[in-house]
Amino acid sequence: MALNKHTIPSWLTDVREDATKSNEWAELSKHIYDAVDQHLSQSHIDYFSELTEDEKILILERAARSLASSDGGRVYENLQSKLSYILDQTVNNQVARKMLEESLADTKTDLVLDTTAEGIVTLLRKNPDQKYKLKVFLNQSIPQPIRFLTWQLYLSNPSERKSFVQKLEKSPKLCLSHQDSEIQRKCDNILKTESTFKEMNGSIGITNSIKGILSYYHSTISEKRSLYEWEYLYALPIVNAHHPEFLKNESPSERSMAMLIEIYIQFMRTLPNAILSSNNPFNESSEMDLYIRKVIGLLDLHDMSLLSYIKNLASKNSSSDLVLLKVCCTPLIKSLFSSYLNLHALMFVWDQYIIGSDVAGYHEELIPIVIAIVLMLLRDQIMSINNVDMFNECIKNQTSFIQTRQIQTILNKYFFKNLQAKLNSSSRVGPIIDPTVGRLQPWEHWHQDIIPRRTTRTKIPNDADKALEIELARRIMAEKAAKEEVERLRRELEELRKRPPKEIIRNVKSDPVEPPKPKEDRKYIVSKNNEIRQPVADLLTKLKYSVGKIAEGEGENNKLLDNITVDDLKLHKEDLKAAEIEVFGHYLGQNEWDSLNDQQKREKSQKMLAVVKRRMEKRFKDSGRF
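Some remarks on the side chain of S203
Here is step 1: Mapped onto the elements of the fold, S203 is located in the loop between helix 8 (180-193) and helix 9 (204-220).
Here is step 2: Not counting chain neighbours up to four residues away, the residues in contact with S203 comprise F246, L247 and K248.

Observations concerning the packing of aromatic side chains
Here is step 1: All chains considered together, the criterion is met by 8 aromatic pairs.
Here is step 2: Arranged with centres 5.2 Å apart and planes meeting at 80 degrees, the rings of Y217 and Y264 form a pair that is edge-to-face. Here Y264 lies in helix 11 (residues 254-269) and Y217 lies in helix 9, a separation of 47 residues in the sequence.
Here is step 3: Using a relative accessible area of 10% as the deciding quantity, one classes Y217 as buried.
Here is step 4: Members of the aromatic cluster, each reached through a chain of ring pairs, are W151, Y234, F267, W350 and Y353.
Here is step 5: Looking at K186, its charged tip hangs above the ring of Y232, at a distance of 4.6 Å from the centre.

Concerning empty space enclosed by the protein
Empty space among the atoms becomes visible once a probe the size of a water molecule is rolled across them.
Here is step 1: Within this structure, the stated rule accounts for 2 cavities of 30 Å³ or more.
Here is step 2: Around the second largest cavity, the lining residues are L336, F337, V349, W350, Y353, L366 and I367.
Here is step 3: At the level of secondary structure, the elements contributing two or more residues to the lining of the second largest cavity comprise helix 16 (343-354) and helix 17 (362-377).
Here is step 4: The element best represented in the lining of the second largest cavity is helix 16, accounting for 3 residues.
Here is step 5: Taken together, the residues of the lining of the second largest cavity sort by class into 7 nonpolar, no polar and no charged.

A few points about the packing of helix 13 (residues 286-302) against helix 17
Here is step 1: Their axes nearest at 9 Å, the elements helix 13 and helix 17 cross at an angle of 55 degrees. As the angle between them shows, helix 13 and helix 17 are arranged oblique. Our pair here, helix 13 against helix 17, has a crossing hand that is right-handed. In contact with Y291, K294, V295, L298, L299 and H302 of helix 13, helix 17 contributes H363, E364, E365, I367, P368, I369, I371, A372, L375 and M376.

Observations regarding the packing of helix 9 against helix 11
Here is step 1: Where helix 9 contacts helix 11, the two axes come as close as 10 Å, and the packing angle between them is 55 degrees. Considered as vectors, helix 9 and helix 11 are oriented oblique to each other. The chirality of how helix 9 crosses helix 11 is right-handed. On the side of helix 9, the interface is formed by S209, G212, I213, L214, Y216 and Y217, while helix 11 contributes M257, L260, I261, Y264, I265 and M268.
Here is step 2: Of the residues belonging to the contact of helix 9 with helix 11, the class tally is 10 nonpolar, 2 polar and no charged.

Parameters at a glance
- Residues numbered from 1 in each chain as written.
- Predicted model: local features only at pLDDT ≥ 70, side-chain atom pairs only at ≥ 80, totals over all residues.
- Heavy atoms only, no water.
- Helix = DSSP H or I, 4+ residues; strand = E, 2+ residues; numbered from the N terminus.
- Contact = heavy atoms within 4.5 Å.
- Phe/Tyr/Trp six-rings, centres within 6.5 Å; stacked < 30°, edge-to-face > 60°.
- Buried < 20%, exposed > 50% of the residue type's maximum accessible area, 1.4 Å probe, protein only.
- Lys NZ or Arg CZ within 6 Å of the ring centre and 35° of its normal.
- 1 Å grid on protein atoms, 1.4 Å probe; cavity = no way out; pocket = protein on both sides within 12 Å on 5 of 7 lines; lining within 4 Å.
- Points joined across faces, edges and corners; volume = space filled by probe spheres on them.
- Nonpolar A, V, L, I, M, F, W, Y, C, P; charged D, E, K, R; others polar.
- Axes fitted to C-alpha atoms, helices over the stretch in contact; angles between N-to-C directions.
- Parallel < 35°, antiparallel > 145°, perpendicular 65-115°, else oblique.
- Left-handed = near helix turned anticlockwise from the far one by under 90°.

In short, geometric facts, not functional conclusions.
In structure tokens form, the structure reads like this:
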């Protein structure tokens, strides 16, 4: 979904206008104004305009927090409910228009998700300081269009991007490492051998992006060394998060490379000390021991039988649970689960990692939790082994089978509240509201939306549209010509009727063109006076065939149109009958519809339209036609 930075979708503008015109908005605005006035009075400030920008923000944040009072909280909840209703109605109407106006392979679910993602991305690009609201994705996978922007916002480093662009403009060689060919070879090998990233293999865009990131990063580090294996692995999820996806046969653009390099370098600078120090083989990290102790503490709380088995296994090998878990789990921690979890689960874990990047101590809580979850999900396999080597192989080979939903289930059951509290501890304006646990009513227009009028259609024309317009224009002209011909023949018929019958016969006989001889089975139209009016009958017959050819075509086209029309009429009749049964409970009687008042007719009509639309959607999904 390519989106211009300054473009706001029309449906989102409609939502804003409807919300700001609502009574709920007016009531909330009044409460905020009153709260601002109260804070200004307490601070002995006469006018809000006298404040600096930072002071204005501070006053508004205090006013927002004051809404936590009983009355203010009610007003805010009312606006939330109203906004949810408006979004429900507007998004689903927008989706209904797309389904009616375009030939799409996407399902309605896909269209709803794409439309809401479009709105979120638009608002975040316009107001990047609102990124803290993305913390509602705790224990949720972030959709791809929102994911890339989320990672950009939390791992932003404009100065690093500017430095890369300047070097690239000066000389592309400044952006390459002296080990560029070795980095390229290692990247190709990882994509081919690591099962986690095999689906990324075979794309020139992905391969060149990974190599470009790592080559530039290696050129910037001051140490004279090769890249660690973990530094290679960190680049792959970042490239996989890029939206839109890279084309297989095209190299990435300079803009994409600048964004990816910015994210990667900032990510490296925000890694926990336990991971950074563990990369040095000569430095034993006490912080890594702290991580492992936290894992042991979590297992002691939530899976004592598994921890007891690990302790027994360690004692059999003359070791301790701390040493055993440190040996087996350190590679998971150092790689941040890259090359262990499958790609979907890995992206989910990284989503959780990144949305807390601005919260002190969050990573130190999350990483041990994920390690504990992995061990708990592998408990059956772990409890079937009897030596340390098998324990290590189990972690290495079985972790890739863990699914995202399994991690989410354990996290939600045991760890969600603590992590949510940790994220909320840095919130600027009150607690973060999680829509998955709120009191808002579920969206109803998903099943009850009415087919909207196709009056405000805005669509880029293509060849098919032009061909359709030409065909419609041709048919309109043909219909107009047919009407004119019918009108001319009607006038001639009126004139013929005014003449005496003998004069008609005489005029026909005097015609220099010899009329065709009548066939034996030819039927004649005879008046009361037994006067033959065959010329008029022939004229009307020719007119009938002429109008038919103009309106319906000839040959196979005529047969095809007839068959399609008959089928469509039959299907439409069946849809209406089904709608009558569902809405009224029986087929409508002859005068039953006329007996309804206007309000009842509108309500029943909307419900019947919804039934018809639902049947059309199902038919299109099953057979590809409405």
